[in-house]
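Spelled out from the first residue to the last, the chains are:
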Amino acid sequence: MPSETNRLQMSLLQPAQAQKHVTVNEALMRLDGMVNLVLQSVSTSAPPLAVLDGQCWGVPAAPSGAWVGQAGRIAIGSNGGWVFLPPARGMCGFVADRGVEAIHDGTAWIVGALSVGSRGSGLVAGMAEGEVVLGTGNSMVSGVFIPAGALVIGAVGRVTAALTGPLTGWRLGTAGALNRFGQGLGKQQDSWARGILGSPMAYYQAEPLIVTSEGGNFTGGRISLAVHWLEMRLPS
């Protein structure tokens, strides 16, 4: 009789086994983490200081601390420690610190993957987000980047602190097209931009989102930004 299951390596009850509750409880702890899998991150190399039961992490290359020697495995918080399980090709999970789903290709987590072919190619949905804190001036280059080789669907923004200064509005775009994702946008808190491109646009080099004032300079305020794109993944 096998001693554990194939996929999640859960110990099976044995005839006349003592303390069966220990085996059952450990299996339930693994199921609690792996069912509807949420990975807190697949790029954090050091385990968190506080271990939460059922919380899962994708252990990246060169991990430290209690994760040493467990690269590529899923770390599940359990009774103040860690249980490690190997992911399998086709396994899916939500990556919390990236805000997207991931599919495992048998070697690594493909963050944002919508599909993964037998030779490693696939379609990936990407997103980058951040907040721009505005000072005095008429333009601010954000830290939100469109990656090279991306087919951009659009960009969005919301004013999280009212924009101050003599400006009448603002624009959102990239170099060479400062209004690509919107213009004449409101400066009051909760004003928003939803810049959906009628025809998705390919970016062949990395470009940051740029916020530009209209009718006068910024003197302050904050805008939360995000950009969404598709990428084609090369075969292995």
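Note: the structure precedes this text.
What you see is a predicted model, and the numbers here were worked out from it, not measured in a lab.

Student: How should the packing of aromatic side chains be read in this particular structure?
Tutor: The way to describe two aromatic rings as a pair is by their centre distance and the angle between their planes. Considering all chains together, one arrives at 2 aromatic pairs under this definition. Aromatic pair W67 and W82: ring centres 5.4 Å apart, planes at 75°, arrangement edge-to-face. Linking W67 in the loop between β2 (56–58) and β3 (74–78) with W82 in strand β4 (residues 81–85), this pair joins segments that are 15 residues apart in sequence. We classify W67 as buried; its relative accessible area is 0%. The positively charged end of R194 is found above the aromatic ring belonging to W192, 5.2 Å away from the centroid.

Student: Mind showing me how you'd approach the side chain of T174 here?
Tutor: Turning to its location among the elements, T174 is positioned in strand β11 (residues 169–174). For T174, a relative accessible area of 1% puts it in the buried group. Look past the residues within four positions of T174 in its chain and what remains in contact with it is I146, R180, F181, Y203, E207, P208, L209 and I210.

Student: Help me out: how do you make sense of helix α1 (residues 20–34) in this one?
Tutor: Because each turn of an α-helix spans 3.6 residues, side chains separated by three or four positions end up pointing in the same direction. Between its first and last C-alpha, α1 extends 22 Å over 15 residues, near the 21 Å set by a 1.5 Å rise per residue. Every buried residue of α1 is listed here: T23, A27, M29, R30, G33 and M34. An end-on view of α1 places all buried positions within 155° of arc, on one side of the element. Tucked inside the fold, the buried residues of α1 contact β2, β3 and β4.

Student: I would appreciate a short explanation of the pattern of salt bridges in the present structure.
Tutor: Between side chains of opposite charge, a pair can form as their charged atoms come close. Per the counting criterion, the structure on display carries 3 salt bridges. Of the charged contacts, one joins R233 and D105 as a salt bridge, the two residues approaching to 3.3 Å between their closest N and O atoms. Here the residue R233 occupies a position in strand β15 (residues 220–233), and D105 occupies one in the loop between β6 (100–104) and β7 (109–111), the gap between them amounting to 128 residues. For D105, a relative accessible area of 15% corresponds to the buried category. With its nearest N and O atoms 2.6 Å apart, the salt bridge here joins R171 to E214. Placement of R171 in strand β11 and of E214 in strand β14 (residues 207–214) is noted, with a sequence separation of 43 residues between them. Under the relative-accessibility criterion, E214 is labelled buried at 15%.

Student: Could you clarify how one ought to interpret the sheet that holds strand β12 (residues 177–185) in this entry?
Tutor: Strand pairing in a sheet is mediated by backbone hydrogen bonds. Such pairs are either parallel or antiparallel. Strand order across the open sheet formed by 4 strands is β9-β14-β11-β12, with antiparallel pairing between neighbours. Each of the sheet's edge strands pairs with one partner strand only, and the pair in question is β9 (139–146) and β12. Averaged over neighbouring strand pairs, the angle between their axes works out to 25° when direction is ignored. Note that β11 and β12 share 3 bridges and pair antiparallel. Note on β12: the bridge partner recorded for L172 is G182.

Student: Is there a simple way to think about the layout of surface pockets in this case?
Tutor: One simple way to see leftover space: roll a probe sized like a water molecule over the atoms. Size it by volume and the largest pocket reaches roughly 160 Å³. Considering the residues around the largest pocket, the lining is formed by V42, G58, V59, P60, A61, A71, G72, H104, T107, A108, W109 and V111. Residue classes in the lining of the largest pocket are distributed as 8 nonpolar, 4 polar and no charged.

Student: It is not clear to me how the sheet that holds strand β8 (residues 122–133) should be interpreted in this structure. Could you clarify?
Tutor: Within the open sheet, the 4 strands sit side by side as β8-β15-β10-β13. Their pairing is antiparallel. Each edge of the open sheet is held by one strand with a lone partner, namely β8 and β13 (192–203). For this sheet, the mean inter-axis angle between neighbouring strands, taken without regard to orientation, is 15°.

Parameters at a glance
- Residues numbered from 1 in each chain as written.
- Predicted model: local features only at pLDDT ≥ 70, side-chain atom pairs only at ≥ 80, totals over all residues.
- Heavy atoms only, no water.
- Phe/Tyr/Trp six-rings, centres within 6.5 Å; stacked < 30°, edge-to-face > 60°.
- Helix = DSSP H or I, 4+ residues; strand = E, 2+ residues; numbered from the N terminus.
- Buried < 20%, exposed > 50% of the residue type's maximum accessible area, 1.4 Å probe, protein only.
- Lys NZ or Arg CZ within 6 Å of the ring centre and 35° of its normal.
- Contact = heavy atoms within 4.5 Å.
- Expected span 1.5 Å × (residues − 1).
- Arc of directions from axis to C-beta.
- Salt bridge = Lys/Arg side-chain N within 4 Å of Asp/Glu carboxyl O.
- Pairing = 2+ DSSP bridges.
- Axes fitted to C-alpha atoms, helices over the stretch in contact; angles between N-to-C directions.
- 1 Å grid on protein atoms, 1.4 Å probe; cavity = no way out; pocket = protein on both sides within 12 Å on 5 of 7 lines; lining within 4 Å.
- Points joined across faces, edges and corners; volume = space filled by probe spheres on them.
- Nonpolar A, V, L, I, M, F, W, Y, C, P; charged D, E, K, R; others polar.

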